[in-house]
Amino acid sequence: GAVVSQHPSRVICKSGTSVKIECRSLDFQATTMFWYRQFPKQSLMLMATSNEGSKATYEQGVEKDKFLINHASLTLSTLTVTSAHPEDSSFYICSAQGAAGVAYFGPGTRLTVL
Amino acid sequence: GENVEQHPSTLSVQEGDSAVIKCTYSDSASNYFPWYKQELGKRPQLIIDIRSNVGEKKDQRIAVTLNKTAKHFSLHITETQPEDSAVYFCAVYYGQNFVFGPGTRLSVLP
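Bear in mind that the values here come from a model prediction, so they are computed numbers and not experimental data.

A. Expanded view of the side chain of A:Thr109. Residues and elements named next belong to chain A. In this structure, Thr 109 sits in strand β11 (residues 109–113). Here Thr 109 falls in the buried class, since its relative accessible area comes to 0%. A polar contact is formed between the side chain of Thr 109 and the side chain of Gln 6, at a distance of 3.1 Å. Once you skip the residues sitting within four places of it in the chain, Thr 109 turns out to touch Gln 6, His 7, Pro 8, Ser 9, Val 11, Ile 21, Ser 90, Phe 91 and Tyr 92.

Structure representation (structure tokens):
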């Protein structure tokens, strides 16, 4: 099946710093990428949808100035958590959707903000 | 917007028995319904999917059925094994994104 990578897998940072998470589709071109946040024992919460070359569409309640998303190419999307705070600590997962419409998940990034 | 419900939230079955998880959705325009399996600490993995022009799809021990009229679809796992223990999420492709159900924690008891 299609492969989606995500980097880093884990990151620990100090409060106030920014963290960038990369999501790559390795063997297919992703027309759309999704970013999710998952709390322990809970479902995936969609944060934003990004299409290559255009601005991301954010879900209600997600601050676009805090969670910067860039989808510069058909194989790469980045999520930058700016001025991170402890409440931003979570598991962030990207999903890449190819031309067939099927979405595949990255392995996730566990962010811990001290 | 689309609303997806999933039942049950937890399910325990004896090894070898069948498990059924059901999801309901609200918008009849939704046309693609995948199921994901998520093991603890790992990414969700697509296990089976179905499109709105099909009523049933089967892949070995896993099957999905779709009732478009009633707006629900179900995951069926037969001859369950301990490695089937995981959290299962249904999803509905609505508009240009996926809406996920809250998940079902399946435990297969040896």
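B. Highlighting the sheet that holds strand β7 (residues 62–67) of chain B. Residues and elements named next belong to chain B. Here we have 5 strands laid out as an open sheet, ordered β1-β3-β8-β7-β6, and antiparallel in their pairing. In this open sheet, the two edge strands, each paired with only one partner strand, are β1 (5–7) and β6 (56–59). Shown here is a sheet whose adjacent strand axes are inclined to one another by a mean of 15°, direction ignored. Here β6 pairs with β7 via 4 bridges, running antiparallel. Opposite Asp 59, over in β7, you have Ile 62 as the bridge partner.

C. Main features of the packing of aromatic side chains. In this structure the tally under the stated criterion is 15 aromatic pairs over all chains. With a centroid separation of 6.4 Å and 40° between ring planes, the pair formed by A:Phe67 and A:Tyr92 is classed as tilted. Placement of A:Phe67 in strand β7 (residues 67–73) and of A:Tyr92 in strand β9 (residues 90–97) is noted, with a sequence separation of 25 residues between them. There is no split in this pair, since A:Phe67 and A:Tyr92 are both buried. Ring geometry for A:Phe105 versus B:Tyr36: centroids 5.0 Å apart, planes at 90°, classification edge-to-face. Of the two residues, A:Phe105 is situated in strand β10 (residues 103–105) and B:Tyr36 in strand β4 (residues 32–38); the pairing between them involves two chains. Of the two residues examined, A:Phe105 and B:Tyr36, each falls in the buried class. The rings of A:Phe34, A:Tyr36, A:Phe105, B:Tyr32, B:Tyr36, B:Tyr93, B:Phe98 and B:Phe100 are connected pair by pair, giving a single aromatic cluster.

Calculation rules
Residues numbered from 1 in each chain as written. Chains lettered and ligands numbered in written order. Predicted model: local features only at pLDDT ≥ 70, side-chain atom pairs only at ≥ 80, totals over all residues. Heavy atoms only, no water. Helix = DSSP H or I, 4+ residues; strand = E, 2+ residues; numbered from the N terminus. Buried < 20%, exposed > 50% of the residue type's maximum accessible area, 1.4 Å probe, protein only. Polar contact = N/O pair within 3.5 Å; in protein donor to acceptor, adjacent residues only side chain to side chain. Contact = heavy atoms within 4.5 Å. Pairing = 2+ DSSP bridges. Axes fitted to C-alpha atoms, helices over the stretch in contact; angles between N-to-C directions. Phe/Tyr/Trp six-rings, centres within 6.5 Å; stacked < 30°, edge-to-face > 60°.

Keep in mind these values describe shape, not function.
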